Amino acid sequence: MACEDAIMATNDDAAQCKRFAVEKGYWVDPYISLLVPKGKSIHAPEINRGYYARVMGIRNLIQKFVEITQKECQIVSLGAGFDTTYWCLKDKGLNPKRYVEVDFPAVTSRKCQQIKSKKALLDKLVTEDEDIMVSAYEVHAGDYHLVSADIRNIEEFEAKLAACGIDKSLATLFIAECVLVYIETKFTNQLLKWISQHFPTTMFINYEQVNMGDKFGQVMMDNLKARECFLHGVSACASLETQKARFLSQGWTEATAMEMINVYKLLPHADLHRIERLEFLDERELLEQLYSHYCLVWAFQDGAGVGLQTIAV
Ligand code: SAM
């Protein structure tokens, strides 16, 4: 399998894991099962709890961004895969003015197929006064856009955002959930710089591996390498400090980085209590190892002074 195919296949893994955790009751997502078929694997409780912290940590920040901007905002999901956030936000009445999902054409074409064929997905895109355009690789519908682009290619990416009507002066949240780590550092730097130079009011949420230099990190990398999937951006994942530095060095005003173990502890306690009773956890140590090898990073610059500095998990 070519490296790019292997990277795209990580989307199937993530989507299967999320579907499995949703079916176990970790969080509510009526849409994931419409996008991804039921997998054959059974996932260990540590994996389910890992995904729980990942999804809830990110959702928590997204929700605060939409609330603080009073929905006068846009969201761009980079390497969105089969993510369902657009539909879940809409159910809560928290939809931004524009929501753009970007991925390679081989991934967006599959998402297009599912959107076309699943009424529950399609219905949420329908607006009274705008037509839905669904092609082989893209969907353009009112406030939702699914586009194919390689985010390493800024010109192509910028043109696709323009075609979706992205307004650079509006508060814009970029999300990269387990994406940047697959991209060479020079391209990630180029992307982060381009965003900070063109979007005066912007926030970035990045979730990915961290502390990969130790023994456990090495095992994680070897597993991916065995599937011909290389973590090109691993040098940027050395520590929480390097995670923050890559934003600050590309013009962002502030950045915060947290290991998932600490993100988990900050999630609403009543819900933690609920999910901790869903499955018996044998290997607490393994869970803690996992949590300390993933992090949530958020960075911003707040040209319009909307209060982005108040956003935290
Ligand atoms: N963000 C989704 C989630 O967490 O459920 C999918 C994560 S998956 C691990 C990584 C995704 O990033 C894949 O869908 C892959 O195709 C996409 N991706 C990686 N490099 C990309 C690039 N240069 N341009 C566009 N998409 C990319």
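Sequence order as written defines residue numbering, which begins from 1 separately in each chain. This being a predicted model, a pLDDT of at least 70 is required before a residue's local features are given, and a value of 80 or more before pairs of side-chain atoms are given or counted; all residues contribute to the totals for chains, interfaces and linings. Side-chain metrics in this entry use all non-hydrogen atoms of the structure; hydrogen atoms and water are not considered.

**Overview of the environment of Q243**
Consideration 1: Take Q243: it is sitting in helix α10 (residues 240-248).
Consideration 2: Separated by 138 residues in the primary sequence, Q243 and P105 place their C-alpha atoms 28 Å from one another.
Consideration 3: Only heavy atoms matter for contacts: two residues are in contact if any of them lie within 4.5 Å across the pair. Every residue in contact with Q243, bar those within four places of it in the chain, is listed here: N206, E208, Q209, V210, A236, C237, A257, C295 and V297.
Consideration 4: In the analysis that follows, any N or O atom pair within 3.5 Å is treated as a polar contact, provided that within protein one partner can donate a hydrogen and the other can accept it, and provided that, for residues neighboring in sequence, both atoms belong to side chains. Side chain to side chain, Q243 and E208 meet in a polar contact 3.0 Å long.
Consideration 5: At 3.2 Å, the side chain of Q243 forms a polar contact with the side chain of R246. Put simply, DSSP H or I for four residues or longer makes a helix, DSSP E for two residues or longer makes a strand, and each gets a number counted from the N terminus.

**Some details on the site of the ligand**
Consideration 1: What makes a residue near a molecule or strand is one non-hydrogen atom of that residue sitting within 4 Å of it. The ligand sits among 22 residues. The nearest are K18, R54, G79, D103 and D150.
Consideration 2: A distance of 2.6 Å separates an oxygen atom of the ligand from a polar side-chain atom of D103.
Consideration 3: Here a nitrogen atom of the ligand and a backbone polar atom of I151 are 3.1 Å apart.
Consideration 4: Protein burial of the ligand: of its 590 Å² of free accessible surface, 98% is covered by the chains.
Consideration 5: With six residues, the top contributor of residues to the shell around the ligand is helix α1 (residues 3-24).
Consideration 6: Three categories are distinguished: nonpolar for Ala, Val, Leu, Ile, Met, Phe, Trp, Tyr, Cys and Pro, charged for Asp, Glu, Lys and Arg, and polar for the others, with Gly belonging to the last. Partitioned by chemical class, the residues of the shell around the ligand number twelve nonpolar, four polar and six charged. Values of accessible area rely on a 1.4 Å probe in the Shrake-Rupley scheme; residue burial ignores everything except the protein chains shown.

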